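So you can see what is in the structure, the chains are spelled out below.
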Amino acid sequence: MLAARNRAAILISKSLMGTSMSVRTKVLSLDTMNPNVKNIEYAVRGPIVARAAEIEKELKSGQKKPFNEVIKCNIGDCHAMGQPPLTFLRQVTALLADSSLFKSNLYPDDAKQRAARILDDCGGQSVGAYSHACGVSVIREDCAKYIESRDGGVPANSDDIFLSTGASEAVKSILELLSTGKEGRDQVGIMIPIPQYPLYTATISQYNLRAVPYYLNEADNWSLSIKELRRAYEEAAPSCRPRGLVVINPGNPTGQVLRREIIEEVLQFAKEKSLFVLADEVYQHNVYAEGAKFFSFKQVINSMGPKYGKEIELASFMSASKGYMGECGFRGGYCELANIDKDVQAMLYKQLSARLCPSVIGQGLMSVIANPPKPGEPSYESHEREKAKVLGDLAIKARMATETFNRIPGMQCNPVQGAMYAFPSLQLPEKLVDEAKAKGMEPDAFYCTALLEEKGICVVPGSGFGQRPGTYH
């Protein structure tokens, strides 16, 4: 009797669902979510890195591996790899966060002076208050003075600088500004170097832009060829509208430092094709090779005469995360704009106001980088020693990486002139290539997966950065 009643109840329930009720489906599914987000790939935090995190958990749980720890070489996170923070940077940051430390004798006067100056320009004299959408005024002024000094006196205006939560946020803001949302031949194309930092391809996908890849010349230490730029532009022009040109100098992940004459040729090409230049210069302090020297795009533009210095639209980016600082977690950065239409710049700043403000503590750190201790100040000598030690160690590691890779059969690595990465090529056995393709994997990703599983070393396959077809890195 009870079973019969249950069957009757189920039949009635089904009948009701079929007539007056429906099963609610999720508003968001893989079929209904923004397709541009699904297209994002970010290799430096991709599936191999996710597997590395799983292996770390397995090691902690007592599972036996051929190694005792995972060595993470997948991202430029200096402090995670043991680089100590610079004392002066952290002293000012501590004072900004805790004003009671001004009473302490452990903090030098120059650190207190810098912190006090920044706090005086913060609401309620607190880094816990919102700043102006473009950043704290005195910090933008510090960045302008830093740029002028770096570029040999080329003027910089703080009104043309906005601070950001890391350089990545600033890059995304400019790429979003370049996007029109149009499709087909009117879709905006962004010329990007290959290999490139995956932020660019990820953001290009997110904002419905078209990537226009140009290949760096591995045979010439990853240099940039105008002939290749022209090839990439002309091939893309019939199917999209190239508007932006990204240059990463010093290079990520390739470690090259562009010669001045190459920068001039790039700018001549940008002027000829009416391209907006995005100069990723976050590694400007990281130059190691003898004879190599960093030149900012802005400095070179202004040395080429008014038809360049007054016309080429440029956004250049700097970060607290790289250089000798390595302060990735504070998320400090800036963008300087040059020759931007003032109405467009006003629209950009309006757009930035929607984020309220960048991290104020990160802004404070950026101020100290732009305004370090000067000769005669209490912290000058110790700060210079610490800075020289970090850059000296990085130069040694750059040479060690190059020399070591070139001793390994089947590997070849160009000299690491700058930045923080090596991008060695792999001569993979045909059997491995066939096995990888049979499993639906890129051969270098297959190799890197094996390197992680067998040796505990987490690296990024070259296919995650882009490379010439038929090559592996």
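The model shown is predicted, which means the values in this text are computed figures rather than measured ones. (Residues numbered from 1 in each chain as written. Predicted model: local features only at pLDDT ≥ 70, side-chain atom pairs only at ≥ 80, totals over all residues. Heavy atoms only, no water.)

A. Main features of the overall build of the chain. Per the secondary structure count, the chain includes 17 helices and eleven strands. Along the longest, intermediate and shortest principal axes, the C-alpha atoms of the chain span 95 × 60 × 55 Å. Restricting the contact set of the chain to residue pairs at least 6 apart, pairs at least 24 apart contribute 69%. Within the structure as shown, the chain displays about 23,300 Å² of accessible surface, and the carbon and sulfur contribution to it stands at 53%. (Helix = DSSP H or I, 4+ residues; strand = E, 2+ residues; numbered from the N terminus. Contact = heavy atoms within 4.5 Å. Areas by Shrake-Rupley, 256 points an atom, 1.4 Å probe, with all protein chains shown as cover.)

B. Representation of the environment of tyrosine 214 within the structure. Looking at where tyrosine 214 falls in the secondary structure, it is placed in strand S4 (residues 210-215). For the pair tyrosine 214 and proline 195, spaced 19 residues apart in sequence, the C-alpha separation works out to 8.8 Å. With near-sequence residues (within four places) excluded, tyrosine 214 lies in contact with Met191, Ile192, Pro193, Ile194, Leu224, Glu228, Leu229, Arg231, Ala232, Leu245, Val246 and Val247. At a separation of 2.6 Å, a polar atom in the side chain of tyrosine 214 contacts the main-chain carbonyl oxygen of valine 246. (Polar contact = N/O pair within 3.5 Å; in protein donor to acceptor, adjacent residues only side chain to side chain.)

C. Highlighting the packing of helix H9 (residues 226-236) against helix H10 (residues 260-273). Packing of H9 against H10 leaves a shortest axis separation of 10 Å and a crossing angle of 25°. With respect to H10, the element H9 is oriented roughly parallel. Handedness of the crossing formed by H9 with H10: right-handed. Of H10, the residues touching H9 (which contributes Ile226, Leu229, Arg230 and Tyr233) are Glu265, Val266, Phe269, Glu272 and Lys273. (Axes fitted to C-alpha atoms, helices over the stretch in contact; angles between N-to-C directions. Parallel < 35°, antiparallel > 145°, perpendicular 65-115°, else oblique. Left-handed = near helix turned anticlockwise from the far one by under 90°.)

D. Representation of the UniProt feature "domain: Aminotransferase class I/classII large" (unreviewed entry) in the chain within the structure. The UniProt record annotates "domain: Aminotransferase class I/classII large" (unreviewed entry) at residues 104-466. A helix fraction of 43% and a strand fraction of 13% characterise residues 104-466, whose end C-alpha atoms lie 51 Å from each other. (UniProt positions renumbered as here; feature names shortened; annotations may be inferred.)

E. Representation of the side chain of arginine 114 within the structure. Assignment of secondary structure puts arginine 114 in helix H5 (residues 109-120). Not counting residues up to four positions away in its chain, the partners in contact with arginine 114 are Phe88, Val92, Asn371, Pro372, Pro373, Lys374 and Glu377.

F. Seen up close, the packing of aromatic side chains. If you walk through the whole model with that rule in mind, you get five aromatic pairs. Aromatic pair tryptophan 222 and phenylalanine 423: ring centres 5.6 Å apart, planes at 70°, arrangement edge-to-face. On the criterion of sequence distance, the pair formed by tryptophan 222 in the loop between S4 and H9 and phenylalanine 423 in the loop between strand S9 (411-412) and strand S10 (425-426) is long-range, its members being 201 residues apart. Residue classification places tryptophan 222 among the buried residues on the basis of a relative accessible area of 5%. Here the aromatic rings of tyrosine 233 and phenylalanine 269 are separated by 6.1 Å at their centres, their planes lie at 90°, and the arrangement is edge-to-face. (Phe/Tyr/Trp six-rings, centres within 6.5 Å; stacked < 30°, edge-to-face > 60°. Buried < 20%, exposed > 50% of the residue type's maximum accessible area, 1.4 Å probe, protein only.)

G. Just the nonpolar core, in detail. Ranked by size, the top nonpolar core spans 80 residues in total, and within it Phe162 and Ile174 carry the most contacts. Inspection of this core shows a minimum of three residues originating in each of domain 1 (39-82 + 383-464) and domain 2 (129-370). Apart from residues lying up to four places away in sequence, isoleucine 174 is in contact with Phe162, Phe276, Leu278, Ala315, Phe317, Cys335, Leu337 and Leu348. Counting 36 residues, the second largest nonpolar core, distinct from the first, contains Cys240, Leu245, Ala270 and Ile312. (Core = buried A, V, L, I, M, F, W, Y, C linked by side-chain atoms within 4.5 Å. Domains from an automatic or database assignment.)

H. Broad picture of the pairing of strand S3 (residues 188-194). S3 sits mainly inside the fold: seven of its seven residues count as buried. Where burial is concerned, the two faces of S3 agree: the one with Val188, Ile190, Ile192 and Ile194 and the one with Gly189, Met191 and Pro193 are both buried. The pairing of S3 with strand S5 (residues 241-248) spans four bridges and is classified as parallel. Residue pairing for S5: valine 188 is matched across the bridge by arginine 241. Note: S3 against S4, six bridges, orientation parallel. Across the sheet, residue proline 193 finds its bridge partner in S4, namely tyrosine 214. (Pairing = 2+ DSSP bridges.)

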